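Residue-level structural notes
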Amino acid sequence: MATLPNPLPRLASLGLGLPPGKLIDTTDEGPWHEPLLWLGDDRATPAAWSALQQAPRAHGLLPVVLDIGGGHGGPEEWELAPAEVSYPGDHDAEEVLADFWEECCAEEAGDWPGLAEATAAGADPDATATGIAEGLLSAGGPLKEPRLALVPARRSADIPTAIGWMGAVNYGDDTARLSAVLRSWEDRFGIRVVALGFDHLRLSVAAPPTTLAEARALAAEHFAFCPDNLWQGGDTIPKELEAYAERELLDQPAWSFWWD
């Protein structure tokens, strides 16, 4: 994957005032040739995210919360595979989604309906990400053991690919294809990658759909991107899409995905 120079090897000299943490270079094939991410030692707090969201950007580092709970351990045990991913910019988001749709959805849901239209400009994407992250990290939040991480990436959508995340490997083994879709969602809906677990992904959304028609169109993209989000309901696909659009997408500032 084409990247900017990795600032992590000189992290100590950047003067970021980071809390205690460590550099991670562990992959499924042994140590990577350079660090993939910095990971905080202690449970992340809302204040920790806010403190780190802006300063590291000047050095090419983006924040993300890693959930190391749930029995899967930390990223050292996630079988990260940076050697197996391509570059997100080499993929077209609509082609990726259309391929996914054909593989898993077309038989029950018909032809690929195409991309949803971008919604009107909403809140500031980074401010929205801060609000969602602070909610995830607050007492009683949904993450089991959240840790703050910094990843060398050009844009938030590239974070999973930059570390070689394989959380959706049972669905597709090139994470760059997912990042291509996330890039498109960045452009159309102002998303940011806020949290990653072993097999789940959470996004903030600055410009979610505000009408049911917009939400229905976007639901098809979510179905293609992560069928497990909808297949758990047991109803027909059209009914699942309708319910999902209204429940999970309409005016919702956060999206969650989970792969079996």
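These notes cover the structure that comes with them. (Residues numbered from 1 in each chain as written. Predicted model: local features only at pLDDT ≥ 70, side-chain atom pairs only at ≥ 80, totals over all residues. Heavy atoms only, no water.)

Ranked by internal contacts, the top residues of the largest apolar core, which has 55 residues, are L37, W185, L201, F225, W255 and F257. It is helix α7 (residues 212-225) that contributes the most residues to this core, 7 residues altogether. Beyond its immediate chain neighbours, meaning those up to four positions away, W255 contacts W185, F189, I191, L201, R202, L203, V205, P209, L218, H222, E248 and L249. L16, A44, A133 and A195 belong to the second largest nonpolar core, which has 20 residues in total. (Core = buried A, V, L, I, M, F, W, Y, C linked by side-chain atoms within 4.5 Å. Buried < 20%, exposed > 50% of the residue type's maximum accessible area, 1.4 Å probe, protein only. Helix = DSSP H or I, 4+ residues; strand = E, 2+ residues; numbered from the N terminus. Contact = heavy atoms within 4.5 Å.)

Next up on the list: the sheet that holds strand β5 (residues 61-67). As summarised here, the arrangement of the 7 strands in space is β1-β4-β6-β5-β7-β8-β9, forming an open sheet in which the pairing is mixed. Of all the strands in the sheet, the pair left with one neighbour each is β1 (21-24) and β9 (254-258). Strand after strand, the sheet turns through a mean of 30° between neighbouring axes, direction not considered. Sheet topology note: the β5/strand β7 (residues 191-196) ladder contains 2 bridges and is parallel. What sits directly across from V65, in β7, is A195. Strands β5, β6 (146-152), β7, β8 (200-205) and β9 of the sheet are contacted by helix α4 (residues 125-137), whose axis makes an angle of about 25° with β7. Contacts between helix α6 (residues 175-189) and the sheet are confined to β7, β8 and β9, with β7 contributing the most and set at about 130° to the helix. (Pairing = 2+ DSSP bridges. Axes fitted to C-alpha atoms, helices over the stretch in contact; angles between N-to-C directions.)

Okay, helix α2 (residues 93-104) next. Compared with an ideal rise of 1.5 Å per residue, which puts 12 residues at 16 Å, α2 spans 17 Å between its outermost C-alpha atoms and is within 8% of the ideal. All buried positions along α2 are accounted for by A93, V96, L97, F100, W101 and C104. Mapping the buried residues of α2 onto a view down its axis gives an arc of 135°, with all of them on the same face. In this structure, α2 carries E95, E102 and E103 as exposed residues pointing more than 90 degrees from its buried face. Summarising the contacts, the buried residues of α2 are in contact with α3 (106-109), α6, α7 and α8 (228-231). (Expected span 1.5 Å × (residues − 1). Arc of directions from axis to C-beta.)

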